[in-house]
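Spelled out, the chains give:
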Amino acid sequence: LHEFPFRHEPRALVGHLALWVALRERGSALIVPRERLQGLLDAGGALADAREPYRALELRYYAEAAGLRHDLPAEGELFGRTLLGGELPVAAWNERTAYAVTHTLFYATDYGLARPAYLGEAKRRDVLELLRVLLQAALDAEHWDLTGELVLCHQSLEPADHPLLREAWRAL
């Protein structure tokens, strides 16, 4: 953890929060005190990166994990703004939108540990169908990073076995 977000780029805060949370047991608060992170979050620059709606969900996820105060909208409201929040068109997906889907699911499900109410059964089924379409495309393209993220997301929503997951695991 270094001074970059404090001096040059407040949008880098999310990545720093992720590291700070991951290294909390290793003394990250001794290097960058929580109050310093809180000050940057309070300054508002972290929300400047609004190209993808899932970024606000990501910021909320890590701010809460770090124990920071924030005035971000509720998680369900933020989810509703993402690609997964509305109707799910199966066509016209690309790498960028596929990553937006995986990252939305990482934060919405706490990497598979949570089952939020706003991700009801019908939405979950629709998202699983979309994940399978994206997973097949990632496998066909031999895009292994995206394949791994899609497998993780699928398992987060449905731990049951699926033929496409077996194929993905073999490929990985």
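For the structure, see preceding data.
Some points on the packing of helix α5 (residues 54-65) against helix α7 (residues 95-108)
Look at α5 against α7: their axes get within 9 Å of each other, and the N-to-C directions meet at 30°. By the angle between their axes, α5 is roughly parallel relative to α7. Crossing of α5 over α7 shows left-handed handedness. The residues of α7 that touch α5, namely those facing Y54, L57, E58, Y61 and Y62, are A100, H103, T104, Y107 and A108.

With respect to helix α2 (residues 13-22)
Residues of α2 that are buried: L13, V14, H16, L17, W20 and V21. Looking straight down α2, one finds that the buried residues subtend no more than 160° of arc, so they occupy a single side.

Notes on the pattern of salt bridges
Summed over all chains, the structure comprises 9 salt bridges. A salt bridge links R81 to E77; the nearest nitrogen and oxygen atoms lie 2.7 Å apart. With R81 and E77 both in helix α6 (residues 75-81), this residue pair falls 4 residues apart, about one helical turn. On the basis of relative accessibility, which here comes to 47%, the residue R81 falls in the partly exposed class. R124 is paired through a salt bridge with E121; the nearest N and O atoms lie 2.7 Å apart. Taken together, the residues span about one helical turn, with R124 and E121 both in helix α8 (residues 121-140) at a distance of 3 residues. Overall, E121 belongs to the partly exposed group, its relative accessible area being 43%. Several salt bridges share partner residues, and in doing so they unite E121, R124, R125, R132 and E158 into one network.

Rules of the game
Residues numbered from 1 in each chain as written. Predicted model: local features only at pLDDT ≥ 70, side-chain atom pairs only at ≥ 80, totals over all residues. Heavy atoms only, no water. Axes fitted to C-alpha atoms, helices over the stretch in contact; angles between N-to-C directions. Helix = DSSP H or I, 4+ residues; strand = E, 2+ residues; numbered from the N terminus. Parallel < 35°, antiparallel > 145°, perpendicular 65-115°, else oblique. Left-handed = near helix turned anticlockwise from the far one by under 90°. Contact = heavy atoms within 4.5 Å. Buried < 20%, exposed > 50% of the residue type's maximum accessible area, 1.4 Å probe, protein only. Arc of directions from axis to C-beta. Salt bridge = Lys/Arg side-chain N within 4 Å of Asp/Glu carboxyl O.

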